[in-house]
Amino acid sequence: MSRVLFLAGLLALPAFAAEPTLYGRYEHIKVEEIGKILPAKMDTGAMTASLSARDIEQFKRDGEDWVRFRLAVDGADDTLYEQRLLGISRIKTRAEEAGNVDPDSEPPRAERPVVGMQLCIGDQLREVQVNLTDRTHFSYPLLIGAETIRDLNAAIYPTEKYTAGQPAC
């Protein structure tokens, strides 16, 4: 009897969403606003997306908050990009970045400007909120966190790399 109830319960469930797209731990992603394809780390341990930037400066334009920055990646030119500022994120600072911190205290938080960018991975183009920070001490200039991975309806296969191929948006 319990098997019949279980099967009846399954039939009553709504249809499952489409299968997630499977990506590797590292992928090539095109950032439309800057016209560059960057290697990215798909990191389910991070919540947000981060782009390596330097010379980050907030300013006002027509009463709105904006941010200007340069891309901080090897071989990048000196182009100055400007984006409307969507907000400021407060990110927990990693212990090794914060220096000597009391382990019982709340981890320090870094404030980072957040902008909207269109990212192309495989053949999917999505508007994503990206925070700007200097990532030159990391191997990948673009980090894609769990929120964006979820928005892409994606799953990460950690032993694979570059499964999406070159961006085709």
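In the block above lies the structure referred to throughout.
Residue numbers restart at each chain and count upward from 1, following the sequence in its written direction. Given that the model is predicted, a residue must reach a pLDDT of at least 70 before its local features are reported, and side-chain atom pairs must reach 80 or more before they are shown or counted; all residues, however, enter totals for whole chains, interfaces and linings. Note that the side-chain values use all heavy atoms of the structure and ignore hydrogens as well as water.

Caption draft 1: Region of interest: the pattern of salt bridges. Put simply, a salt bridge is a Lys or Arg side-chain nitrogen that is within 4 Å of an Asp or Glu carboxyl oxygen. The tally for this structure, following the rule as stated, stands at 9 salt bridges. Put simply, Lys60 and Asp65 hold a salt bridge, and the shortest N to O gap is 2.8 Å. Whether a residue is buried, partly exposed or exposed follows from its accessible area with a 1.4 Å probe, protein chains only, as a fraction of its type maximum: under 20%, in between, or over 50%, in that order. Classification of Asp65 by relative accessible area gives partly exposed; the value is 36%. When the shortest N-O distance is used, the salt bridge between Glu82 and Arg68 registers 3.3 Å. Placement of the pair is Glu82 in strand β5 (residues 80–92) and Arg68 in strand β4 (residues 64–71), with a sequence separation of 14 residues. To qualify as a helix, a DSSP run of H or I must reach at least 4 residues; to qualify as a strand, a run of E must reach at least 2; elements of each kind are numbered from the N terminus.

Caption draft 2: Quick look at the packing of aromatic side chains. Think of it this way: a Phe, Tyr or Trp ring, Trp meaning its six-membered ring, pairs with another when their centres are within 6.5 Å, and the plane angle makes it stacked under 30 degrees, edge-to-face over 60, tilted otherwise. For the structure shown, the criterion picks out 3 aromatic pairs. With a centroid separation of 4.4 Å and an interplanar angle of 10 degrees, the aromatic rings of Tyr26 and Tyr140 are classed as stacked. Taken together, the residues span a long stretch of sequence, with Tyr26 in strand β1 (residues 21–31) and Tyr140 in the loop between β7 (124–133) and β8 (142–144) at a distance of 114 residues. Cation placement over rings: the criterion is NZ of Lys or CZ of Arg within 6 Å of the ring centroid and within 35° of the ring normal. A cation over an aromatic ring shows up here: Arg61 above the ring of Trp66, its NZ or CZ 4.4 Å from the ring centre. The ring of Phe59 is capped by Arg68, whose NZ or CZ atom sits 3.7 Å from the centre of that ring.

Caption draft 3: Quick look at the state of the cysteines. Here, the term disulfide refers to a pair of cysteine sulfur atoms separated by no more than 2.5 Å. Evaluated as defined, the whole model comprises 1 disulfide. Each sulfur of the disulfide joining Cys120 and Cys169 lies 2.0 Å from the other. Measuring handedness by torsion sign, the sulfur bridge of Cys120 and Cys169 sits at about 90 degrees and is right-handed. Taken together, the positions of Cys120 in strand β6 (residues 109–121) and Cys169 in the segment after β9 (154–161) put the pair 49 residues apart, joining distant regions of the chain. Cys120 gets classed as buried once you look at its relative accessible area, which sits at 1%.

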